[in-house]
Amino acid sequence: KAGVTQTPRYLIKTRGQQVTLSCSPISGHRSVSWYQQTPGQGLQFLFEYFSETQRNKGNFPGRFSGRQFSNSRSEMNVSTLELGDSALYLCASRQGSGGANVLTFGAGSRLTVL
Amino acid sequence: DQQVKQNSPSLSVQEGRISILNCDYTNSMFDYFLWYKKYPAEGPTFLISISSIKDKNEDGRFTVFLNKSAKHLSLHIVPSQPGDSAVYFCAASTSSARQLTFGSGTQLTVLP
């Protein structure tokens, strides 16, 4: 069974640009969550999608957005990039949408903003 | 406001000894707790979990203890192995929440 796949794995952008990251969840998983990891901050929740609907959103500015497609694949977009957006962006999937389900994470997309 | 705190950014332990990683939480609504392990260049992987109806859960070398009155959980690894060297994150959720709240992580180094 294939795991959670994130693309691209690494990317470099400059301030003011925008970026789109992609996530393919485990087959059969309908819930996709996105997290931002920065040194010393742990994993900060961005948003969760379930059946193409955003179910929950973390405390991030509107420059961060996402969507989910009918095949459960998800994308997140960051517009007008800032230096502080440099981070590892992790996508995770699970079967249901309840709190007790275990998240399975992808390897992440490492974004560097210059 | 960090609802889940891991106050030790790093921990070094000798191979074969016990590793104890600690985690504190402030939200009394949390009723499900998990530990994840993360190696460099990989995503976090699920290690072990515990429901608030229990105070201990064991899986091989890994045991998680939950003290609800103190809002504290700990992960014990016995015996520690060099391959256990990784960043360990604790996480918590409520039964109705759709997100996990993570701590900032503890870098465990097991010395051979």
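From a predicted model like this one, the values you see are computed outputs, not experimental measurements.

**Quick word on the overall build of chain B**
So, step 1. Along chain B, the regular secondary structure elements total zero helices and eleven strands.
So, step 2. Mapped from its N terminus to its C terminus, chain B presents α and β elements in the order β-β-β-β-β-β-β-β-β-β-β.
So, step 3. Principal-axis analysis of the C-alpha atoms gives chain B an extent of 40 × 30 × 20 Å.
So, step 4. Every one of the 112 residues in chain B was classed for burial, and the buried ones make up 46%.
So, step 5. Look at the contacts in chain B between residues 6 or more apart in sequence, and 53% of them connect residues 24 or more apart.
So, step 6. In the structure as shown, chain B presents an accessible area of about 5,300 Å², 49% of it carried by carbon and sulfur atoms.
So, step 7. Here chain B carries 10 positive and 9 negative side-chain charges, and the mean point of each set is 3 Å from the other.

**Comments concerning the side chain of Ser109(A)**
All names here are of chain A.
So, step 1. Residue position: Ser109 is located in strand β11 (residues 109-113).
So, step 2. Classification of Ser109 by relative accessible area gives buried; the value is 0%.
So, step 3. Apart from the residues within four sequence positions on either side, Ser109 is in contact with Gln6, Thr7, Pro8, Arg9, Leu21, Ala87, Leu88 and Tyr89.

**Concerning the pattern of salt bridges**
So, step 1. Under the criterion given, the structure shown has seven salt bridges over all chains.
So, step 2. Glu48(A) is the salt-bridge partner of Arg94(A), the closest N and O atoms lying 3.4 Å from each other. Placement of Arg94(A) in strand β9 (residues 87-94) and of Glu48(A) in strand β5 (residues 42-50) is noted, with a sequence separation of 46 residues between them. Side by side, Arg94(A) and Glu48(A) carry an identical accessibility label, which is buried.
So, step 3. When the shortest N-O distance is used, the salt bridge between Asp84(B) and Arg61(B) registers 2.8 Å. With a gap of 23 residues between them, Asp84(B) in the loop between β8 (72-77) and β9 (86-93) and Arg61(B) in the loop between β6 (56-59) and β7 (62-67) connect regions that are remote in the sequence.
So, step 4. By relative accessible area, Arg61(B) is classed as partly exposed at 21%.

**Points about the interface of chain A and chain B**
So, step 1. If you look at the interface, chain A gives 24 residues, while chain B gives 20 residues.
So, step 2. Regarding the contact of chain A and chain B, the summed buried area is about 1,700 Å², with carbon and sulfur atoms giving 54% of it.
So, step 3. Between chain A and chain B we count four residue pairs in polar contact (both at pLDDT 80 or more) in total.
So, step 4. Breaking the side of chain A that touches chain B down by element, the ones donating at least two residues are β4 (31-38), β5, β6 (53-57) and β9 of chain A.

**Details of the environment of Ser72(A)**
All names here are of chain A.
So, step 1. Within the secondary structure layout, Ser72 lies in the loop between β7 (64-68) and β8 (74-78).
So, step 2. Overall, Ser72 belongs to the buried group, its relative accessible area being 13%.
So, step 3. Separated by 40 residues in the primary sequence, Ser72 and Val32 have C-alpha atoms spaced 7.5 Å apart.
So, step 4. Residues within four places of Ser72 in sequence aside, it is in contact with Pro25, His29, Arg30 and Val32.

**Focus: the sheet that holds strand β1 (residues 5-7) of chain A**
Residues and elements named next belong to chain A.
So, step 1. Taking strand neighbours across the sheet as the criterion, the four strands line up as β1-β3-β8-β7 in an open arrangement whose pairing is antiparallel. Taken across any chain shown, the strands that pair with only one partner, and hence form the sheet edges, are β1 and β7. Going across the sheet, the axis of each strand differs from the next one's by a mean of 15°, ignoring polarity.
So, step 2. The sheet contact formed by β7 and β8 spans five bridges and is antiparallel. Its bridge partner being in β8, Phe64 is matched across the sheet by Val78.

What counts, and at which threshold
Residues numbered from 1 in each chain as written. Chains lettered and ligands numbered in written order. Predicted model: local features only at pLDDT ≥ 70, side-chain atom pairs only at ≥ 80, totals over all residues. Heavy atoms only, no water. Helix = DSSP H or I, 4+ residues; strand = E, 2+ residues; numbered from the N terminus. Buried < 20%, exposed > 50% of the residue type's maximum accessible area, 1.4 Å probe, protein only. Contact = heavy atoms within 4.5 Å. Areas by Shrake-Rupley, 256 points an atom, 1.4 Å probe, with all protein chains shown as cover. Lys, Arg positive; Asp, Glu negative; His and termini not counted. Charge placed at Lys NZ, Arg CZ, Asp CG, Glu CD. Salt bridge = Lys/Arg side-chain N within 4 Å of Asp/Glu carboxyl O. Buried area = accessible area lost by both parts, 1.4 Å probe. Polar contact = N/O pair within 3.5 Å; in protein donor to acceptor, adjacent residues only side chain to side chain. Pairing = 2+ DSSP bridges. Axes fitted to C-alpha atoms, helices over the stretch in contact; angles between N-to-C directions.

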